[in-house]
Amino acid sequence: PAGPEGKAEKAEEHLFVTDCQVDTDMELLLPESYIGNISERIRLYRELDNLRNEEGIHLFESRLNDRFGPLPEPTRELLNVVRLRWLAMKLGMEKLILKNGQMVIHFVSNPLSPYYQSPVFSRILGFVQRQSQKYRMKEGANRLTLTVQDIPTVQKAIRTLEIMLNGQDRDEKPVSP
């Protein structure tokens, strides 16, 4: 792997998917008890969907806090789902299902996609092979999926995808430059 400012980062700027659908049984919303006006909630959902970076999320969160008070937990998790979608897209994931304490990842649906020869996919494969007791990769119906156990929260899903993206297992120490 390339160093911290190496060539690997440049190659990974290419996104193989344009969106990632997140399906969950978790409570992720702007509650009516927090923002009573339905048209205001709809406007805020649209605004949230159009955010493109962490700075935008921080500004959005700050404005909510200023106008409506401290964020309730379902709203914090909603903001985390936006972060999760961004990570999933960087990793070539078209769909994430977070239900019953597990995460099911659907990779790029086109089996001929250059994604499957990319450094990011190779890193995910290596990671899964080293963590085989917790991760199960399966191919079926022209789709490659990865099931990850013990994912009770959006935050845990984010941490898992960050580890995949950065190519570090929990047991490994970060490599010094």
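Above this text sits the structure in question.
Please read these numbers as outputs of a predicted model, since none were measured by experiment.

What counts and what doesn't
Residues numbered from 1 in each chain as written. Predicted model: local features only at pLDDT ≥ 70, side-chain atom pairs only at ≥ 80, totals over all residues. Heavy atoms only, no water. Helix = DSSP H or I, 4+ residues; strand = E, 2+ residues; numbered from the N terminus. Buried < 20%, exposed > 50% of the residue type's maximum accessible area, 1.4 Å probe, protein only. Phe/Tyr/Trp six-rings, centres within 6.5 Å; stacked < 30°, edge-to-face > 60°.

A. Region of interest: the overall build of the protein. Counting its regular elements, the protein contains 6 helices and 5 strands. Ordered by position from the N terminus, the helices and strands of the protein form the series α-β-α-α-α-β-β-α-β-β-α. For the protein, the proportion of its 177 residues judged to be buried stands at 44%.

B. Region of the structure containing the packing of aromatic side chains. Tallied over the entire structure, the rule returns 8 aromatic pairs. A centroid spacing of 5.1 Å and a plane angle of 75° characterise the contact between Y115 and Y116, whose relative ring orientation is edge-to-face. Taking relative accessible area as the criterion, Y115 reaches 0% and is therefore assigned buried. Taken together, a centroid distance of 5.2 Å and an interplanar angle of 75° make the contact between F127 and Y135 edge-to-face. Take F127: its relative accessible area is 3%, and that puts it in the buried class.

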